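Commentary on secondary and tertiary structure
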Protein chains: 6
Amino acid sequence: MSQHSLSGKPFGRLLLTGAGGNLGRQLRGALADWADTVRISDITELGETAPHEEARRVDLADREAVMEMVEGVDAIVHLGGISIDAPFDDLLEANIRGTYNLYEAARKHGVKRIVFASSNHVTGFHPVTSVLDTDAPHRPDSLYGVTKCFGESLSRYYFDRFGIETVCLRIGSSFEEPKNARMLVTFLSYGDFIELVRCSLFTNRAGHAVVYGVSDNPACWWDNAKARFLGYRPRDSSQAYADRFAASAPNAGFAGPAQQFQGGPFVLGEPMPGAER
Amino acid sequence: MSQHSLSGKPFGRLLLTGAGGNLGRQLRGALADWADTVRISDITELGETAPHEEARRVDLADREAVMEMVEGVDAIVHLGGISIDAPFDDLLEANIRGTYNLYEAARKHGVKRIVFASSNHVTGFHPVTSVLDTDAPHRPDSLYGVTKCFGESLSRYYFDRFGIETVCLRIGSSFEEPKNARMLVTFLSYGDFIELVRCSLFTNRAGHAVVYGVSDNPACWWDNAKARFLGYRPRDSSQAYADRFAASAPNAGFAGPAQQFQGGPFVLGEPMPGAER
Amino acid sequence: MSQHSLSGKPFGRLLLTGAGGNLGRQLRGALADWADTVRISDITELGETAPHEEARRVDLADREAVMEMVEGVDAIVHLGGISIDAPFDDLLEANIRGTYNLYEAARKHGVKRIVFASSNHVTGFHPVTSVLDTDAPHRPDSLYGVTKCFGESLSRYYFDRFGIETVCLRIGSSFEEPKNARMLVTFLSYGDFIELVRCSLFTNRAGHAVVYGVSDNPACWWDNAKARFLGYRPRDSSQAYADRFAASAPNAGFAGPAQQFQGGPFVLGEPMPGAER
Amino acid sequence: MSQHSLSGKPFGRLLLTGAGGNLGRQLRGALADWADTVRISDITELGETAPHEEARRVDLADREAVMEMVEGVDAIVHLGGISIDAPFDDLLEANIRGTYNLYEAARKHGVKRIVFASSNHVTGFHPVTSVLDTDAPHRPDSLYGVTKCFGESLSRYYFDRFGIETVCLRIGSSFEEPKNARMLVTFLSYGDFIELVRCSLFTNRAGHAVVYGVSDNPACWWDNAKARFLGYRPRDSSQAYADRFAASAPNAGFAGPAQQFQGGPFVLGEPMPGAER
Amino acid sequence: MSQHSLSGKPFGRLLLTGAGGNLGRQLRGALADWADTVRISDITELGETAPHEEARRVDLADREAVMEMVEGVDAIVHLGGISIDAPFDDLLEANIRGTYNLYEAARKHGVKRIVFASSNHVTGFHPVTSVLDTDAPHRPDSLYGVTKCFGESLSRYYFDRFGIETVCLRIGSSFEEPKNARMLVTFLSYGDFIELVRCSLFTNRAGHAVVYGVSDNPACWWDNAKARFLGYRPRDSSQAYADRFAASAPNAGFAGPAQQFQGGPFVLGEPMPGAER
Amino acid sequence: MSQHSLSGKPFGRLLLTGAGGNLGRQLRGALADWADTVRISDITELGETAPHEEARRVDLADREAVMEMVEGVDAIVHLGGISIDAPFDDLLEANIRGTYNLYEAARKHGVKRIVFASSNHVTGFHPVTSVLDTDAPHRPDSLYGVTKCFGESLSRYYFDRFGIETVCLRIGSSFEEPKNARMLVTFLSYGDFIELVRCSLFTNRAGHAVVYGVSDNPACWWDNAKARFLGYRPRDSSQAYADRFAASAPNAGFAGPAQQFQGGPFVLGEPMPGAER
């Protein structure tokens, strides 16, 4: 573990991967309050940085670059990798090799806490008429979901074997607003997302935890009761957007798989052939 | 399935059975907002109807009349039948033969969603010191409760075999106000009852669901966690009435069965002999 | 309860309904060892009787005849009613009204133990890749199965309310030999069937018990662990017949519902219209 | 059971043991509203009493004194005994012999309801990353915790055998304010403590119940869902104090047992040798 | 831990408490095969000893005597204490103070494995129609049972806190033969008892384990599935004795508590007043 | 799916990957009885083949070679890949990319049943004092175990999405004889291994099943109750070898991780750096 904060902030240096993505951009502001230095990384150029930020352009599949990126940090928020369905060879490099590289680097550099962006798509083939707790068995709805299952299994191993704690965030749909009827159930407001990361970083002991990233929406597929020790209490809800998507009667008998399973349209994706990265 | 709404309401035509009863009267107003036409039926005369209503006087035990009643509707709220303990032969006609007739008619006419008024009396022989979830085993407290178990089993079959979705509402005590100490626990306000029917009709997929119909009362015997996908969130509570019924110390050692089991006085009903209807 | 045995046999008089059916005929011999008098009944003529037997021709839907049939017996083995899928009106009379009549008669005459022939078809819509314990939820695969669910619910009520104990036997396929591949899993030998009835009659306390009637077959869908207090230990197996039905490779992708659900061909039965009895 | 209230209060006479302790002092005011007479006892001198109070100085290990103390009361709130880790011989007298004496006296004098101050230390060796429900197995974190397990077992016996109802309160940390980071999770405000005792005394049937005594804090190790029938709804939260104790980053890899287990520093107490009382 | 065997036997010195009792006498022979020296103790005179045995007359309530008794042993089979219902003060000395003394001595002398004779009476108030696994909640049927609950809780603490492993044997009825109908269910043959102790002593890791001590009897209330890691497989059965106790029909409706609960006649014992030892 | 057997054997052509390994060699004989043609493959040269065999030398990481290997087969027994801990880059190619290639090929060629050699090392970080059922959460004990978790997740996806059935065999230790004390628990005889593959290939419906590959050994960490529908009944046991490894007393307090966790020495493997294949 590296040096601690000189300024009284809780962390000396935090690493945020995937900092250029949708959720990464949301977090950058919050991280400033929690650490003297925020190291941000992405596979693409990150543009301007704030004075407390260090930018690193890193391909997660590059073991040496990852090793260097992790050096000197106190904890990691790992949003990096591919976050939609994609050709398997791409997912393999970014989400499998990349996640392995990150945990190996954490082990070598003594990092003890990682917040890992898993996904609700690790359980997307459960029906929409089920309510899952955090022990529900994996039922990935896509190759993307399969690679997130890998990340959860790998992080479990690094906890049992090396004591590196991980909170796996099974993120629902985190956008400015819900975009369709499914997101009335899966919506995670930006505010609640940030609060969830905060709880995951600051809880005294995390062990290897799984928690669904979802706001306090009226309808709900996921039950975080077993993760209550993290202290996460959502403050937002999709309620305000309910009227936008409730116009028509259900077509119970004729609904396709995208209506039957929690993963929604993900369950329809044709697996893509191996492709050049 | 019949024609859809011409006016932009979610349903073209909804059927409400038992429309002349206590709860049926509460629903009639709400249904007007959800469908162009509301067909209302009861075994007794229904009196005046609103312009959007069609009244049918139907004995549920009459197969042909039921078949006709169901024709052309998009979904059914089935409150009809006998809702208190009664001689078995009466229950048999109204709640067993009648419910079978309704589901057969739904199958023949392609209706795909039924909201079925089950009852907390399907589990009334569980002790008051238990909290039941929606998978709790049937323990009916009366012949009435047994016939509601039949309705739950029958609707499960029609879902597994024919894809007809049902939400079984295990209704607590739905009145203007709680009338006794037991109802402080079982109270379902009219507003929450209507909201529960709304969720049951409008949820995109219902499968075969069981949910307790109860407001957010301080003490609680029933846990709807596994039915959270329906989106039902009670807004009312019996709290305001708590003082009316809390005057005396418990007589723990001397309480009779009506105090020991959730079904309350139902567990004391002598079974009635077969009687003419 | 009536008089006890004069001759030292455990029971004075046992009643066997459905005595003319396949399983009834198997039991008649065994019952002779357990009771001074065996009252046998069926809706059809029973033919010659042994000296210790009393024959009664009774339609279970006839309340008075049932009341008379039950008078003076110590315990009942209730195999009567319809044991295949049939028009609902027939099932209603035999399995619903008939079972109610039997329990009412037991209550009036003080009979305290009933062995009830339920059926594996109360759970026949569970997939063949599940192993069910005795608490598995009802998923009837036919209207016949629905009426057996009714019998289980009714007997639960008579136990909770009046202390009449019932053992519900969810009988698999009880024949001389398995007749098809499904029966390699569901086979209950005649010997094991008789042993199961013996345990159900003689266990000191039965409460309201559910047990699957199945031999010790190699493949198994049902787990009787929670009914081990009954002392039932199957001695036979379908193993000896395995070669007859194992000739072809599985057609996993193309199997129809009869291969996917435990109920087998029952799940395919078209519901029959109401018919004259 | 003794005479009932003459003044219209729910109880005629309540007994409060441990009345001189921290929590006992909190309760004295509330009990005045619930009973005509409040008998208060402690091993030490209790000082001045209010007009409705009767003070008794009693060593719980003194069987005859306890017998006398219990005579004529309608219900008991048993906070007495040692509430911190201590030499085993002391715990044996106060918490084992003393609790036995109390229950024997309740049995002889016909008292039917006891609210027993158990402790979260009966489950203190569960990890801080678990959320326990009220059925979680005992894992005491200290000899003190072991003696509270004894009290829970003993009271279960007195319920099953003699029908004496007990609510076991597994009290968290009940002080004016949380005093350290652990108490942000375990905090029970005085107001919520009083409300919990009120629910435990007034619920119509309590059976043998277990409930965690904790406010509605952000992070939570304990789930009272199965005790919802008691009607306890905490109104306070440790949220307001969160900032006082959240200053530093977690030291995940290096945390000692006091950070790993719910019991906190209790798990570190060296067992003390037997000592003279 | 003391010196290891010089002769090639697995243990150097084993301690057997309660060596003068029924089960103690059965074990003495077997222990000779497993240890160079067997230290045997009891509160009464033990008579002649074999060359490999060391006899100690010890009152378990005498802390110093217990401390001395435990010195130099590798593992302990603790059958000592009172094994029937008795006045509480006697049980307190022998089973509560005595068990505490034993564990404190084990801790001080570095003994790491104890086989503790618990009892089926820790769960004796479960109904005879339940099948319990090793996680079933305590429901003691007697003060004796309550003290065995204490032993299980105490040993859990010594495992979590000090790493001392215990196997809690919830012994059924271990005699030469079953003596009544209840023992057809609870029978533990002497051979199976010895085998169970052998497994408990020799399994590489025991943690804190609970296992029911019962043979492979036809009817069964207890399920050891979660203790299968111990390797215990009963070889005997009460089957051979079944005919002795099966003569009469069940009296379902009239059975008293001794027939309703697993503890049998224990549930009827009046609690005894405190008595001089 | 390809052509069926011409000769009356159940399968026309079966594919066995990893045919050159220890278990592959055991299966070759058995497969001859089940299929006209057995295609065998391995990354190394397979030597002489029988007339009914077709040999293919294939690197599983080579997508095109795998696609060709799978063409024309009815079902697959997939033992290929790396079956010990190894550098991650090697595991990635053989067990992650290789397994993906196999399932993609199965999808394209319409193969509907795969028997997948998973491993007990997917749950190896559960303690040896636990008994796991087939729903136990993944706790891999090595990077090797993590890649087998990937295979289980991937095959779940191919079942939910494409209906390709897989039986995941969590193989224990399958050798001629147990080689150490741990293998007394994990031993799977060659005969039982072949029987398990037979059940997995021939069960009419497999869905996505998980089953532990273990013989009927005295001590047991794994419970296959939920997989009983497969019909697997082990016939062998490690009992005969028990004496070889039971010589010494347990060293409970001092046992290292290899004694504490089911994975044994696997839990000690240092993760290996990425390496060239």
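As a convention, each chain's residues are numbered from 1 in the sequence order in which they are written. Ligands are numbered from 1 and chains lettered from A, in the order in which they are written. Only residues with pLDDT of at least 70 get local features here, since the model is predicted, and only at 80 or more are side-chain atom pairs given and counted; chain-wide, interface and lining totals rely on the full set of residues. Side-chain calculation: all heavy atoms of the structure are included, whereas hydrogens and water are not.

Our next topic: helix α6 (residues 190–202) of chain C. Residue and element names in this part refer to chain C. A run of H or I in DSSP counts as a helix once it spans at least four residues, and a run of E counts as a strand once it spans at least two, with each numbered from the N terminus. To estimate how far a helix should extend, the number of its residues minus one is multiplied by 1.5 Å. Taking 1.5 Å per residue as the helical rise, α6 with its 13 residues ought to reach 18 Å, and the 18 Å between its terminal C-alpha atoms agrees with that figure. Remark: exposure states derive from per-residue accessible area (1.4 Å probe, protein chains only) relative to the maximum for the residue type, with buried under 20%, exposed over 50%, and partly exposed in between. Of all the 13 residues making up α6, ten are buried; the element is thus mostly covered by neighbouring parts of the structure. In what follows, a contact means two residues having at least one pair of non-hydrogen atoms within 4.5 Å. On its buried face, α6 is in contact with β1 (11–17), α1 (22–34), β4 (75–78), β5 (113–119), β7 (165–171) and β8 (208–213).

Next up on the list: the UniProt feature "domain: NAD-dependent epimerase/dehydratase" (unreviewed entry) in chain A. Listed under "domain: NAD-dependent epimerase/dehydratase" (unreviewed entry) in the UniProt record, and renumbered for this structure, are residues 15–172 of chain A. Here residues 15–172 of chain A runs as 40% helix and 23% strand, with 23 Å between its end C-alpha atoms. UniProt positions are given in the numbering used here, feature names are shortened, and annotations may be inferred rather than shown by experiment.

This part is about the pairing of strand β1 (residues 11–17) of chain B. Both faces of the sheet carry side chains from a regular strand, because those side chains alternate between them. Residues and elements named next belong to chain B. Of all seven residues in β1, seven are buried, a share of seventy percent or more. Here a strand pair is declared whenever DSSP counts at least two bridges between the two strands. In the sheet, β1 pairs with strand β2 (residues 35–42) via five bridges, with the strands oriented parallel. Considered in β2, the bridge of L16 is made with I40. Here, the term right-handed applies to a crossover whose path from the first strand over the helix to the second runs clockwise when the strands point away from the viewer. Viewed along the sheet, the connection from β1 through helix α1 (residues 22–34) into β2 turns out right-handed.

Residue and element names in this part refer to chain C. With respect to the element layout, F245 can be found in the loop between β9 (222–223) and α7 (257–260). What makes F245 partly exposed here is its relative accessible area of 25%. A C-alpha to C-alpha distance of 23 Å links F245 and N22, two positions 223 residues apart in sequence. Non-local contacts of F245, meaning those with residues more than four positions away in its chain, are made with P178, K179, N180, A181 and L184.

Without any contact between them, chain A and chain C keep their closest C-alpha atoms 15 Å apart. At their nearest point, the C-alpha atoms of chain D and chain F are still 15 Å apart, with no contact between the two.

Turning our eyes to something else, we now look at the confidence of the model for chain A. Residue and element names in this part refer to chain A. pLDDT runs from 0 to 100 and stands for how confident the predictor is about each residue. With 91% of its residues at a pLDDT of at least 70, chain A reaches an overall mean of 92. A low-confidence stretch, residues 271–277 (pLDDT under 50), is modelled with 24 contacts involving residues beyond four sequence positions or located in other chains. For this predicted complex, the interface confidence comes out at an ipTM of 0.94, alongside a pTM of 0.95.

Turning next to the sheet that holds strand β2 (residues 35–42) of chain F. All names here are of chain F. With respect to topology, seven strands assemble into an open sheet ordered β3-β2-β1-β4-β5-β7-β8, the strand pairing being parallel. Pairing within the sheet leaves two strands with one partner each, and these edge strands are β3 (53–57) and β8 (208–213). Neighbour-to-neighbour, the strand axes of the sheet open up by a mean angle of 20 degrees, direction not taken into account. In terms of strand pairing, strand β1 (residues 11–17) meets strand β4 (residues 75–78) through four bridges, oriented parallel. Residue pairing for β4: L16 is matched across the bridge by V77. Only C-alpha atoms enter the line fits that serve as axes; for helices the fit covers just the stretch in contact. Angles between N-to-C directions range over 0 to 180 degrees.

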